[in-house]
Amino acid sequence: MDRQQSTSGHLCPRRQQRRTTLLLFVAVATAVTLFTTHSHQGTIFVDAQQRQLQQHQFTVQDSSSSQAPSYDSDNNASLQDRRRLELECQQILATPPLSSSTSAPPEPFLEPTFSTLAGPPENSTWRLWYRKWTDLSAKETSKEIEKAGFLLGNGRSQVLVGGGIHVERIRLSEESCWAGGPGVDRVANAPPDNGASTNDDDKVEEEKYRGGNVPAEEAPQRQEALEKVRQVVKEKGQVRPRDKIVGSLKGDERGFGSQVGFGELLVEVVKKFDTVREYRRELDLETGVATVTFSVGDLQYKREHFCSFPDGVCVMRLQASEPKNINIKVSLSSAHENTGTAEYTNVHNRLGMRARLASNNLTTEAMVTVATEGASGVSLANNRQVVALGFDAVTLYYTMGTGWALQGSYPEFEDKDPHDRLTSVMDKAVGGLYGDQYLNHVKDHQTLFQGFRLDLGQIENKLPTDELLKANKEGTAGEEEAYLDALMVQYARYLLIASSRPGSLPLSGRSLWSQDQNTGLDDPSIGYKMDIDLQMNYWLAESTGLGETVTPLIDYMENLLVPRGQDTASLYYRARGWLTHPYSNIWAHTGPTAQDQTFYLPTAAAWLCQHAWDRYLYSQDYYFLRDHAYKLMKGAAQFWVDTLVRLRDEEGGPLVVSPSLAPGHGGVTEGTAMDQQLVWQLLNNTLEAIAVVGERDRVFAQNLTTALEVVAPGLKVGSWGQLQEWSLDMDDPNERHPHLGYLWAVYPGNQVFFRNSSSSPSDGDEGEDEGEKEPTREELLEAARESLIHRGMGDRPGGNFGWAKSWRAAVWARLGDGRLAYKAVETFKRDHIFEHPNLLDFKDGLSGLLGVSAAMVEMVIQSRAPGFVDILTAADLPEQWLRRGGSVEGFRTRDGHVVSSQWEVGGTVRQVEVYASLKAGSLRIKIGSMGGEDRTPSAKVRVSLKGSTKDVAYSREEDVVILAAVAKGQTYVIDIDD
């Protein structure tokens, strides 16, 4: 419903006379505001960056229900023209706004024809650009925006900008717009309108949302069920996931919810164009600004879009090369109008939209302020729309939020009205200068984006992105093929900056832009998926200078997963510490869910803790480790110290996870490879952290040390030379399952690379015949290759996921096989890029693109552990990456060093720079072109301090340069001559 519902209408003569008198007084009393203009590609535009004065607007109210027109004073303006514009405004307001992207706009909104193609942008290397607009007149408008729209964001808010001409749809998405949670209980148990109670206290307690956990009184039964499953698994070796006894481990999904649509901002041009020329829309990845430009006759139009993290708002600016040519109607629509709770307001050209979600009563609210510029324009509004006619420029500021909060909300998550917070943000934005806001946004964005550069020898791209994709698909891209690969890497970095910033939730990338308000079902599959998707979203972050974007993941763990996960550990396992199972949401779901094959992964927390440990390694921030990462790791490690069991109850046997289930397939068994690798890595990392923070709990440290000595590492070589996925040798060589959990120790882990080169008994016995031998590092690496060859490229029918191909590309890169790594990249592009003009496969989510970009960086340069960096060491890298030479700048190692390198045609590395920015220590730099038959003589290698002619001592092992003692703050230069 509308508050103070407005209706448009004509003013009576007496009121008009009073208004005319007042306007004449205002026109005489107010000085004319001057605008500075500048030439932009041969076109005169209002220069917002140089503007020092804001336009003054005057709103005249009368007793009618319509908001009076807003006039900008101008001594030379014609009152007759103003009246004409006012009448036009009233007529336009009589037309209701478009309400949904799922329906086609009426006939007047059909886009114009176009002529004369626009040239490529010249202001940026990394951009998406097109000569075609998103067809917003089609019946499948929603799908068109998803395929071609630009994604912009500032962390909490993400939007999709369509780029239409007559109608611009901006799809709004807010990360906390979720169904489910404790609010479901409050809605279900709310008294009827007559105030009578229909629920007794026992029923309310029974239906209480617990994040998948059971009530305390049911905990003994769940613990008993766990022990029964363990016993059956010991006796039989494995149990089918659908067996009744396994069902006793499954959890409660009620109240899990899912992310739902928020709404749309619509900007409609009210004076239509017949023909436009030189249409171009582009997303500049280097500035985080989307731009639409086109010409109509002699006029040039420009629209700029960005979402500012510093100011907390999103912005759209419309301007033309001559004054008085911006004529638009602006409206908001909620995705939840059918709930009966939608309210629309307007105060001084600030439209407001509020609604509550049907499932949990969560408040959603959005605001847009229409800031007009120009002395002769007129604006008129009601509660649903603002019409602005005859202005020189119009800037829209919009922001959105919900009643959900990360800090201090667990476990009840009471709805906190976002109105005051949003109003404060909006007031600050409207009170600022557009030019300053633009520059603040660009500066903030570039601080992150410009920290890493990758040159794959690509030529300057002249093809629009959709044509570039088509040429790559058809094999006709030629030298522009390398550009697409490098573009994907930088686009993935852009998406991280737009979607994961301090104060936001971690990036899920699943169902984030859905506009279907009926999707709020209890669906864990589109929540935070922690058996691959969530973690893969951040594989690219640390090494390419975006460690700040990992902060939301750490905050999410601390504020939601840990407190609820402690309850899960206690109720289900009678253990200390914390854990989470593989699916979660913004309501802190840590219990198991009800899926047959993916409900159970108690090691998900161990995997998440790897990101906390990596955040310390890359940042070398002692206080972060002490106050945050170590606490997370210690809690997760405590859980496993309490719950690991002996394999098949054998005395002296290794400690394993039981029950254990490989993600997505196979039976319930003991000690699957992924579980064991994750636990081993967690315990090992925690032990290393103890040495840094000085843990005083000696009992915990000793228990950890003891457990680590006997825990199974999850590294076995099976009968056909494979790396086993289970503790039992039962891998099927014909299996093409997408998940690669058993190769976690290759990537993103690193355990395989630090196993012994010589064989040793796995159980500590000295006799060769008494104990199974541990495979050597070389045997494990060969087994990993054999397994991965049999698993295929991740494109099997029914399992064609982007993340599956990305993981394969990353593992092959870590194994040093550039040919197969790039084959996986090409498979990913074929299935998830070529058919999506904006490079976004919304059905699959963002993890695939983020993961494959991390894999491509890994193919060029990698740091698998502190003290190690490899440069162009993968064999058979793509020829198009090497034909023109290339470089990488700003790569971060796992001990905080910043590495840059340059190579010539064919991949011959000529220079490496190492900036020891955070710590001293040793570093082993492996350079692919220095080894092999054409091994570079030591006489051709020189190491010096940057800016100095003095040589620095180093040692050499084949293709490895060893710097034994780099000093903090120094930059070391390795020059390699012909």
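- In the annotation of an unreviewed UniProt entry, the chain is listed under the name Glycoside hydrolase family 95 protein and assigned to Linnemannia elongata AG-77.

1. Some details on the packing of aromatic side chains
Moving on, step 1. The final tally for this structure, using the stated rule, is 27 aromatic pairs.
Moving on, step 2. Ring centres of phenylalanine 306 and tyrosine 438 lie 5.8 Å apart, and the angle between their planes is 85 degrees; on these two criteria the pair is classed as edge-to-face. Of this pair, phenylalanine 306 sits in strand β13 (residues 299-308) while tyrosine 438 sits in helix α9 (residues 434-449), placing them 132 residues apart in sequence.
Moving on, step 3. Residue class for tyrosine 438 comes out buried when judged on its relative accessible area of 13%.
Moving on, step 4. A centroid spacing of 5.7 Å and a plane angle of 50 degrees characterise the contact between phenylalanine 599 and tyrosine 600, whose relative ring orientation is tilted.
Moving on, step 5. Ring pairing ties together the aromatic residues Trp539, Trp607, Trp744, Tyr747 and Trp807, which thus form one cluster.
Moving on, step 6. Note that arginine 384 overlies the ring of tyrosine 344, its terminal NZ or CZ placed 3.6 Å from the centroid.
Moving on, step 7. Stacked on the ring of phenylalanine 309, the Lys or Arg arginine 501 has its end atom at 4.1 Å from the ring centre.

2. Things to note about the pattern of salt bridges
Where charged atoms from two side chains of opposite charge approach closely, those side chains can pair.
Moving on, step 1. Taken as a whole and assessed by the stated rule, the structure comprises 54 salt bridges.
Moving on, step 2. Put simply, arginine 350 and aspartate 427 hold a salt bridge, and the shortest N to O gap is 2.9 Å. Of this pair, arginine 350 sits in strand β17 (residues 350-356) while aspartate 427 sits in helix α8 (residues 419-430), and the two are 77 residues apart along the sequence.
Moving on, step 3. Taking relative accessible area as the criterion, aspartate 427 reaches 41% and is therefore assigned partly exposed.
Moving on, step 4. The salt bridge involving aspartate 951 is made with arginine 942; its shortest N-O contact spans 2.7 Å.

3. A look at the packing of helix α15 (residues 622-643) against helix α16 (residues 673-693)
Moving on, step 1. Running from N to C, α15 and α16 point in directions that differ by 140 degrees, and their axes come no closer than 9 Å. Comparing their axes, α16 and α15 come out oblique. Two packed elements cross with a definite hand, and for α15 against α16 that hand is left-handed. Here Tyr622, Leu625, Arg626, Tyr630, Met633, Lys634, Ala636, Ala637 and Trp640 of α15 lie close against α16, whose contacting residues are Val679, Leu682, Leu683, Asn685, Thr686, Ala689, Ile690, Val692 and Val693.
Moving on, step 2. Of the residues belonging to the contact of α15 with α16, the class tally is 14 nonpolar, two polar and two charged.

4. A few points about empty space enclosed by the protein
Moving on, step 1. Counting across every chain of the model gives eight cavities of 30 Å³ or more.
Moving on, step 2. Approximately 260 Å³ is the volume found for the largest cavity.
Moving on, step 3. Elements with a contribution of two residues or more to the lining of the largest cavity: α14 (604-619) and α21 (847-860).
Moving on, step 4. Ranked by residue count, the leading element in the lining of the largest cavity is α14, at five residues.
Moving on, step 5. For the lining of the largest cavity, the class distribution of residues is 13 nonpolar, five polar and five charged.

5. Considering the state of the cysteines
Joining two cysteines, a disulfide is a covalent bond between their sulfur atoms.
Moving on, step 1. Across all of its chains, the model carries one disulfide by this definition.
Moving on, step 2. Bridging cysteine 307 to cysteine 314, the disulfide has an S-S length of 2.3 Å. Taking the torsion about the S-S bond as the criterion, the cysteine 307 to cysteine 314 disulfide, at about 105 degrees, is right-handed.
Moving on, step 3. The class of cysteine 307 is buried, set by a relative accessible area of 2%.

Thresholds applied
Residues numbered from 1 in each chain as written. Predicted model: local features only at pLDDT ≥ 70, side-chain atom pairs only at ≥ 80, totals over all residues. Heavy atoms only, no water. Phe/Tyr/Trp six-rings, centres within 6.5 Å; stacked < 30°, edge-to-face > 60°. Helix = DSSP H or I, 4+ residues; strand = E, 2+ residues; numbered from the N terminus. Buried < 20%, exposed > 50% of the residue type's maximum accessible area, 1.4 Å probe, protein only. Lys NZ or Arg CZ within 6 Å of the ring centre and 35° of its normal. Salt bridge = Lys/Arg side-chain N within 4 Å of Asp/Glu carboxyl O. Axes fitted to C-alpha atoms, helices over the stretch in contact; angles between N-to-C directions. Parallel < 35°, antiparallel > 145°, perpendicular 65-115°, else oblique. Left-handed = near helix turned anticlockwise from the far one by under 90°. Contact = heavy atoms within 4.5 Å. Nonpolar A, V, L, I, M, F, W, Y, C, P; charged D, E, K, R; others polar. 1 Å grid on protein atoms, 1.4 Å probe; cavity = no way out; pocket = protein on both sides within 12 Å on 5 of 7 lines; lining within 4 Å. Points joined across faces, edges and corners; volume = space filled by probe spheres on them. Disulfide = S-S within 2.5 Å.

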